[in-house]
Amino acid sequence: MAASIRNILEDMGEDPNREGLLKSPKRYAKAMLFFTKGYEQNAYDIGKDAIFNVNHTESVLARDIEVFSMCEHHLIPFVGKVHIAYIPNDRVLGLSKLARIADIYARRLQVQERLTKQIAQAI
């Protein structure tokens, strides 16, 4: 990935050998792997030990879960807030897992419509 970024810098007319850019391709590659770490994670693994049988049938709501993602069309970041609500039917998912599941899918190349669908299906 770093070699590809080096080529992109050259295509832009930049000198990847100048001091300010020498380590940029490697830094960019590391950052992209961090921004897209959701590919390495699985929602089932996050939630499997956090499903609890309880006598609760009222809706569960988590608001203002901040997400960071990368637009798959432009490869630039977008940020937003996710609200998740569900009716547990006597089984609840640990509240902290909702944000973690949202993060798994946000940390992939995304569009907002697919992101919301993936979160809903996982929960």
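Residues numbered from 1 in each chain as written. Predicted model: local features only at pLDDT ≥ 70, side-chain atom pairs only at ≥ 80, totals over all residues. Heavy atoms only, no water.

Here we take up the UniProt feature "domain: GTP cyclohydrolase I" (unreviewed entry) in the chain. Mapped onto this numbering, the UniProt entry gives "domain: GTP cyclohydrolase I" (unreviewed entry) at residues 2-123. Between the first and last C-alpha atoms of residues 2-123 the distance is 36 Å; the span itself is 41% helix and 25% strand. (UniProt positions renumbered as here; feature names shortened; annotations may be inferred. Helix = DSSP H or I, 4+ residues; strand = E, 2+ residues; numbered from the N terminus.)

To continue, consider the layout of surface pockets. Of the voids in this model, the largest pocket is the one considered here, and its volume is about 250 Å³. Taken together, 14 residues make up the lining of the largest pocket; nearest its centre are Ile51, Arg91, Leu93, Ala122 and Ile123. Counting only elements with at least two residues in the lining of the largest pocket, the list comes to helix H3 (43-47), strand S4 (91-93) and helix H4 (95-106). Of the residues that constitute the lining of the largest pocket, the class distribution is 10 nonpolar, 2 polar and 2 charged. (1 Å grid on protein atoms, 1.4 Å probe; cavity = no way out; pocket = protein on both sides within 12 Å on 5 of 7 lines; lining within 4 Å. Points joined across faces, edges and corners; volume = space filled by probe spheres on them. Nonpolar A, V, L, I, M, F, W, Y, C, P; charged D, E, K, R; others polar.)

This brings us to a nonpolar patch on the surface. Together, Met1, Tyr28 and Leu33 line one region of the surface with nonpolar side chains, adding up to about 300 Å² of accessible area. The topology assignment puts Leu33 in helix H2 (residues 24-35). (Patch = residues over 30% accessible without salt bridge, like charges linked within 9 Å, V, L, I, M, F, W, Y side chains within 5 Å. Areas by Shrake-Rupley, 256 points an atom, 1.4 Å probe, with all protein chains shown as cover. Salt bridge = Lys/Arg side-chain N within 4 Å of Asp/Glu carboxyl O.)

What describes a pair of aromatic rings is the distance from one ring centre to the other and the angle between the planes of the rings. Tallying each qualifying case throughout the model produces 2 aromatic pairs. When the centroid spacing of 5.0 Å and the interplanar angle of 45 degrees are considered together, the rings of Phe35 and Phe68 count as tilted. Residue Phe35 is located in helix H2, and its partner Phe68 is located in strand S2 (residues 60-71); the two are separated by 33 residues in the primary sequence. For the cation-ring pair, Arg107 lies above Phe34, with the distance from its terminal atom to the ring centre recorded as 4.6 Å. (Phe/Tyr/Trp six-rings, centres within 6.5 Å; stacked < 30°, edge-to-face > 60°. Lys NZ or Arg CZ within 6 Å of the ring centre and 35° of its normal.)

Moving on, we come to the nonpolar core. The biggest cluster of nonpolar side chains holds 20 residues, and the ones touching the most others in it are Ile65, Ile84, Leu98, Tyr105 and Ile119. If you list the elements that add at least two residues to this core, you get H3, S2, strand S3 (77-86), S4, H4 and helix H5 (112-122). A total of 6 residues in this core trace back to one element, the largest contributor, which is H4. The contacts of Ile119, once residues within four sequence positions are left out, are Val82, Ile84, Ala102 and Tyr105. (Core = buried A, V, L, I, M, F, W, Y, C linked by side-chain atoms within 4.5 Å. Buried < 20%, exposed > 50% of the residue type's maximum accessible area, 1.4 Å probe, protein only. Contact = heavy atoms within 4.5 Å.)

Before going further, it helps to examine the environment of Leu75. Mapped onto the secondary structure, Leu75 falls in the loop between S2 and S3. The partly exposed category is assigned to Leu75, whose relative accessible area is 43%. For the pair Leu75 and Met32, spaced 43 residues apart in sequence, the C-alpha to C-alpha distance is 9.8 Å. Dropping the residues within four chain positions of it, Leu75 is found in contact with Met70 and Leu109.

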